[in-house]
Amino acid sequence: MSNLDRQAVPSLCGGRGFVVAEPVRELLSPRRVRLGESTEVRRLLPNLGRRMIGAWAFVDHYGPDDIADEPGMQVPPHPHMGLQTVSWLHEGEVLHRDSTGSLQTIRPRELGLMTSGRAISHSEESPASHARLLHGAQLWVALPDPHRHTDPKFEHHAELPKVTAAGLDATVLLGTLDGTESPGTTYTPLVGADITLTADSDTRLPLDPDFEYGVLAMSGEVHVDGVPVLPGSMLYLGCGRTELPLRAASDAGIMLLGGEPFDEELIMWWNFVGRTQAEIEQAREDWMTGTRFGEVKGYDGGPLAAPSLPSTPLKPRGRVR
């Protein structure tokens, strides 16, 4: 998914200088952003104060939206570099096309994982005939320096491993949770898990104390380490935890995101993750001149134009604004 802000603001991410090395409970409020004509998302990362959770650098939550009489998601071809995109649905379907020739419909609880590497472009749209409701999350994972120029590729995993306990069913979409590993390709130690909780469940989820974590509430009423987290909001948890108390007042869905704190400083501008202003400027020029990012074939419409670069210099800094 694209960052469609026409006044794209650079996000200064990464570096371990501001890692919280102990458990915390920091509630992140979303910023509402329009994607096309019929989709509004709640942006949790980058946030006003919290820029990353491990290598997770971008989190949008959308829906549930009634799109029975709407076109649904319509995101024209746009570029990415230096990151992975993770498409995750609870309801509906999204048709993915990219410049490597991939064409894939992604359905609920299936992993759509696109590694941009040095350069890729893609589009995302609700199929012409689609379900009534659209509900999901779009996430980006920053690639570390040794892998950020890798060849672009797309992965689709319809079957994913699970971790179960009383009142809890977790699907491991990326990384490793409680010894269970996703087939999705990763480049840093991290975890992404979709967790379903049954009403009145009260359980504890094992965690890695070296990871920092956040929980995105997707649906229902859930208390995370005693903090009520409403759908479309996220609780940042810091590091140093070996387990996470979860209690659900109703059937509920959450996403657990975590990883080793990302130790590189980044510049994230529009749909690019880089290290220097020169890299960002070159990527924008390459996209606007039709080089490097390839062509998305089959989408009914033209590509997105890149916004103008800001007048102030782009500088990589720490993990918080």
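On a predicted model such as this, the values are computed, not experimentally measured, just so you know.

## Thoughts on the sheet that holds strand β18 (residues 202-206)
- Ordered by their spatial adjacency, four strands build an open sheet running β18-β23-β20-β21, and the pairing between neighbours is antiparallel. The open sheet is flanked by β18 and β21 (227-229), the only strands paired with a single partner. If you compare each strand with its neighbour and ignore which way they point, the axes differ by 30 degrees on average.
- Relative to β21, strand β20 (residues 222-224) runs antiparallel, the two sharing three bridges. Of the residues in β21, the one forming a bridge with Val-222 is Val-229.

## Some thoughts on the pairing of strand β23 (residues 243-248)
- When β18 meets β23, the two strands line up antiparallel, connected through five bridges. Paired with Arg-204 across the bridge in β23 is Pro-245.
- Of the pairings in the sheet, the one linking β20 to β23 comprises three bridges and is antiparallel in character. Within the sheet, the bridge partner assigned to Val-222 lies in β23 and is Ala-248.

## As for the packing of aromatic side chains
- Applying the stated rule across the entire model yields seven aromatic pairs.
- When the centroid spacing of 6.3 Å and the interplanar angle of 35 degrees are considered together, the rings of Trp-269 and Phe-272 count as tilted. Across the pair, Phe-272 and Trp-269 agree in class, each one buried.
- Taking the centre distance of 6.1 Å and the plane angle of 85 degrees together, the rings of Trp-287 and Phe-293 count as edge-to-face. Judged on exposure class, the residue Trp-287 and its partner Phe-293 are both buried.

## So, the UniProt feature "domain: Pirin C-terminal" (unreviewed entry) in the chain
- Sites flagged by UniProt as "domain: Pirin C-terminal" (unreviewed entry) map to residues 193-291.
- For residues 193-291, helix accounts for 12% and strand for 52%, while the C-alpha atoms at its two ends are 36 Å apart.

How each quantity is defined
- Residues numbered from 1 in each chain as written.
- Predicted model: local features only at pLDDT ≥ 70, side-chain atom pairs only at ≥ 80, totals over all residues.
- Heavy atoms only, no water.
- Pairing = 2+ DSSP bridges.
- Helix = DSSP H or I, 4+ residues; strand = E, 2+ residues; numbered from the N terminus.
- Axes fitted to C-alpha atoms, helices over the stretch in contact; angles between N-to-C directions.
- Phe/Tyr/Trp six-rings, centres within 6.5 Å; stacked < 30°, edge-to-face > 60°.
- Buried < 20%, exposed > 50% of the residue type's maximum accessible area, 1.4 Å probe, protein only.
- UniProt positions renumbered as here; feature names shortened; annotations may be inferred.

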